[in-house]
Amino acid sequence: MVVENEGITLRGKVRWHRLGVDEALARLESSCAGLSEADARDRLAAHGPNLLTEEARRGPWLIFARQVTDLMILILLAAAVIAWWMGDVTDMAMILAIVGLNAALGFSQEYRAERALAALRQLEQPQVVVRRDGQWRQVPSRDLVPGDVIALEEGRRVPADGRLIEAVRIQVNESQLTGEAVPVVKETRSLPGDEVALGDRLNLVFMGTTVLTGHGLAVVTETGMRGELGKIAHLLQTVEVQTTPLQRRLASLGRWLAGAALAITAVIFLAGLLRGEPLNVMLLTAISLAVAAIPEGLPAVVTIVLALGAHSMVRRQALIRKLPAVETLGSVTTICSDKTGTLTQNLMSAEIVAIDGRLIEITGDGYAPAGAFYENGHQCNPASEPALLALLRAAALCTNARLQEQEGEWRIFGDPTEGALLTAAAKAGLWKERLEQTHPRVDEIPFDSQRKLMTTIHRDPQGRVVVFTKGSIEAVLSGSTIIADGNREIPLTPERREALLKMNQALASDGVRILACATRRLSAAPSAESLPAVERELCFLGLVGMIDPPRPEAKAAVALCRAAGIRPVMITGDHRVTAEAIAANLGIHEPGRSVLTGDELEAMSLEELTARCGTVSVYARVSPEQKVKIVQALKSRGEIVAMTGDGVNDAPALRMADIGVAMGKSGTDVAREAADMVLLDDNFATIVSAVEGGRRIYDNIRKFTRYMLATNSGEILTVLFAILFGLPLPFLPIQILWINLVTDSLPALALGVEPAERNLMQRPPRPPEESLFAGGLGLHVVWVGALMGLLTIGLFAWTLSTRDLVHARTMAFFALTVLQMANVLAIRSERDPLWRIGWLSNPQLVGAVMLTLILQVAITYGPALQAIFHTTALTAPELLLCLLTALLFYAAVEAEKWWWFGRRGVSPQGVAL
């Protein structure tokens, strides 16, 4: 860097607000053309990534410490102390070993969840438009370095601190830095004074603030923790552990079950003592049962499944920003989607222009500036068509997008609609960069959703001031008084207005999006006060018709929505006729459904809209602000709404919706911050895929909840039945702890990755207020636990009548484990039997079951383990009897499915068969 001048630095820090643009660029050894890639790499190595210091996360040691200080672990440690006090060193050693295994398993689960969440956070790194080697390109914001020239656009977050070098009506929200909610109008001139307050540094922009309006360029001055936001970050290094509503419900359930389990355990303990059982045995048994009964791992498994499920959705191009969204997705009843880029390809291509009452077609695909112009089937030369050149020149200059070739592919930096205009102009030999040299821009009125216009002001080669305006045909016509007719200008009569509107309607009915262009000459550059008046007394130049073809997969996704009981709704700013044509093509708009325009929407009260919105499939000419009203109306009807959006003004609607969905490619940072989910491909089909993924994850949460509660109740009821029937205790404490450790965790976690049910997207949406125990889950837990306990105690009593107590306990120990493995296989599907879904469709679960059985066989037949777990070898007939009992139990669970689906004719979710 160059040597710092006295008076420009303060305590070693450059006072960038005092520097002019050229001085700031010189001090950073940069230029308006930006840095070279080689220089940027060197600076990145020197300055480090443009990131705030990562918030303190739970490291491995903290995660491990949480395991060994958990209440259940402390209870087990107390049991080990009791065993040692009673002189049972073997039980003490085994309890400590189980504590270690349980802590290791818990550590593994939490560490995986933390890693999955960290991976999701990494995917949220925003892309920034930066000039390198004189070319515009997109790079991750973490790769920015001092001296980089970055583009600032409406709705984007400022990625690093910088000195403005170009500003066109920029207003920035700096409330998170200054506390002032009023937007700050920015400028490029240098500011006097040494100690200028942060909110008064009008020529600087700061990381984390948001561009509300306008656009410009800035040179990066500080990155990462060296910026103003970094100073605040030093004070905010705290961890906020968030839990989902489902986790809170499960934690509450766990506390209720713990109370019930402790009460039953106390009864068992007292009953055993009254029966004459040894105190040490009953004490350890009661503690072991309490540990086994309480599903302390349930919230942890939920966290893992939600985090891993959210991570897996990235492969579906859906980035889940908030874990509760995974649960809510399963309840969505209405998807309100933008048209452009979500239902269509967002690949605008100018197909036709209308000038002098003539229609000229344009050939070519995408953004490649290769194509020709045809009128009535005959090719025409744009150079000999002054009216065509005037229209395309206005269209190209009245844009903020850039058309560039990178690695053999033509790409647009900015709005796709403006990209289509630039491409059409380039096909006629009118390149924006050259036009800006001869027609430099002196001012701009940015596009506004209320005006539906954008205007730029230039000086032509003769030094005269010329205005170019583009926007909706209605808005441009309302400001036009004359119309171009060849080389002359004639009055814009009512008849000519009507002819233009009819032409617009005819094109729009074919799904063509129309933009109108106009121009005006001024005697002098307008002042800030007179600027709005330049959009009056315009000369109408013509129309440009563009096509954004529907995505090939959108039609199938809409059909899948309807099959799943979800209503798709299109919301667009396009003309009503265009919107209706595209919606009908995709299957969104059907006979009997109505279409509402923004004007009609504005005139309706919320109550009136609530009464009508159930039959509206298309909203046309809608402003972003009106989306809030649509969401309010739908939610008033009890709908669970997913709403897409990409602009700054979409943020309120995204926050109000049950699932706010932002665009990952074309969306603004403001929209992404407000959203629950980001579409990495801006594709409607991705929303439907995410809904399917959310339903699958919720199904799997129900499955492992069903499994864990049923197995826990089976263990408790087995001991309770033994006491009620006057039998000895069927398990020793060490055996109970082993069953709880082995059979609960691994199979339950494997159930969390179970593939989707085959009828998943043929169900109606799940009611959001529905209990986790809906569809008979609570009844299932009770009767399955009871049957498991009765079968186990039956085998125990039968063996006890012919063999000794050790053999009988081994029989019960082995039988209960096998029964629980049969249970986990049977509940893999709430509808289909195991042979229909396939043994190997969930290899993780098959592996967990096989590992559990292998370990149980080792405990039963391994001499060293027999001494620890107090077991003995079972005979072949006894082993076969355990397996036959498990098969009988499996058949009973499968019979429950038949009762639900066959005899009753409905699924647990209420789907008629």
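Residues numbered from 1 in each chain as written. Predicted model: local features only at pLDDT ≥ 70, side-chain atom pairs only at ≥ 80, totals over all residues. Heavy atoms only, no water.

Draft legend 1. Molecular detail of the overall build of the protein. The number of helices and strands found in the protein is 31 helices and 30 strands. Expressed as a percentage of its 913 residues, the buried residues of the protein come to 55%. Carbon together with sulfur atoms contributes 58% to the accessible area of the protein, which is approximately 37,200 Å² in total. (Helix = DSSP H or I, 4+ residues; strand = E, 2+ residues; numbered from the N terminus. Buried < 20%, exposed > 50% of the residue type's maximum accessible area, 1.4 Å probe, protein only. Areas by Shrake-Rupley, 256 points an atom, 1.4 Å probe, with all protein chains shown as cover.)

Draft legend 2. Representation of the pairing of strand S3 (residues 127-132) within the structure. When you tally the buried positions in S3, you get five out of six residues, the bulk of the element. The loop that links S3 with its antiparallel partner strand S4 (residues 135-140) comprises two residues; one of these, Asp 133, has a positive phi angle of about 55°. Where S3 meets strand S5 (residues 149-152), two bridges bridge the pair, whose relative direction is antiparallel. Residue pairing across strands places Val 130 opposite Ile 150, the latter belonging to S5. (Pairing = 2+ DSSP bridges.)

Draft legend 3. Structural detail: unusual backbone geometry. Look at Glu 29: it is not a glycine, yet its phi comes out positive at around 55°. Here Glu 29 shows up in the loop between helix H1 (21-27) and helix H2 (37-47).

Draft legend 4. Quick look at the pattern of salt bridges. Enumeration according to the criterion identifies 31 salt bridges in this entry. The salt bridge involving Arg 132 is made with Glu 37; its shortest N-O contact spans 3.4 Å. Of the two residues, Arg 132 is situated in strand S3 and Glu 37 in helix H2; the sequence distance between them amounts to 95 residues. Each of Glu 37, Arg 132, Arg 137 and Asp 148 takes part in salt bridges that share partners, so that together they form one network. (Salt bridge = Lys/Arg side-chain N within 4 Å of Asp/Glu carboxyl O.)

Draft legend 5. Highlighting helix H16 (residues 494-508). With 15 residues, H16 ought to run about 21 Å at 1.5 Å a step, and its terminal C-alpha atoms sit 21 Å apart, in line with that. Inspection of H16 places Leu 500, Met 503, Asn 504, Leu 507 and Ala 508 among the buried residues, and these make up the whole buried set. Looking straight down H16, one finds its buried side chains confined to an arc of 130°; they lie on one side. H16 presents Pro 494, Glu 495 and Lys 502 as exposed residues on the side facing more than 90 degrees away from its buried surface. (Expected span 1.5 Å × (residues − 1). Arc of directions from axis to C-beta.)

Draft legend 6. Representation of the environment of Thr 743. Within the secondary structure, Thr 743 is located in helix H25 (residues 733-751). Sequence-distant contacts of Thr 743, that is, excluding residues within four places in its chain, are made with Tyr 707, Glu 715, Trp 738, Thr 817, Gln 820, Met 821 and Thr 852. (Contact = heavy atoms within 4.5 Å.)

Draft legend 7. Geometry of the nonpolar core. Among the nonpolar cores identified, the biggest contains 107 residues, and Ile 335, Met 677 and Phe 684 are the most heavily contacted of them. The element that contributes the greatest number of residues to this core is helix H24 (residues 684-724), accounting for 20 residues. With near-sequence residues (within four places) excluded, Ile 335 lies in contact with Cys 561, Ile 566, Arg 567, Pro 568, Val 569, Ala 642, Phe 684, Ile 687 and Val 688. The next biggest cluster of nonpolar side chains, apart from the first, holds 41 residues, and it includes Ile 360, Leu 397, Leu 421 and Ala 426. (Core = buried A, V, L, I, M, F, W, Y, C linked by side-chain atoms within 4.5 Å.)

Draft legend 8. Inspection of the sheet that holds strand S26 (residues 594-597) at higher detail. Ordered by their spatial adjacency, eight strands build an open sheet running S10-S30-S29-S28-S11-S25-S27-S26, and the pairing between neighbours is mixed. Edge positions in the sheet fall to strand S10 (318-320) and S26, since each of these pairs with one other strand and no more. Averaged over all adjacent pairs, the angle separating strand axes in this sheet is 20°, with direction ignored. Pairing of strand S11 (residues 334-338) with strand S28 (residues 641-645) involves three bridges; the strand directions are parallel. Its bridge partner lying in S28, Thr 334 is registered against Val 641. Each of S11, strand S25 (567-571), strand S27 (616-620) and S28 is contacted by helix H21 (residues 626-636), which is oriented at about 170° to S28, the strand it contacts most. (Axes fitted to C-alpha atoms, helices over the stretch in contact; angles between N-to-C directions.)

Draft legend 9. Fine view of a nonpolar patch on the surface. Taken together, the side chains of Leu 270, Leu 273 and Leu 279 present a nonpolar region at the surface, about 260 Å² in accessible area. Of the residues examined, Leu 279 reaches a relative accessible area of 48% and is grouped as partly exposed. (Patch = residues over 30% accessible without salt bridge, like charges linked within 9 Å, V, L, I, M, F, W, Y side chains within 5 Å.)

Draft legend 10. Geometry of the state of the cysteines. Counted according to the given criterion, the structure contains zero disulfides. With no disulfide of its own, Cys 613 has Cys 336 as its nearest cysteine by sulfur position, at a separation of 8.8 Å. Given the relative accessible area of 1%, Cys 613 is considered buried. (Disulfide = S-S within 2.5 Å.)

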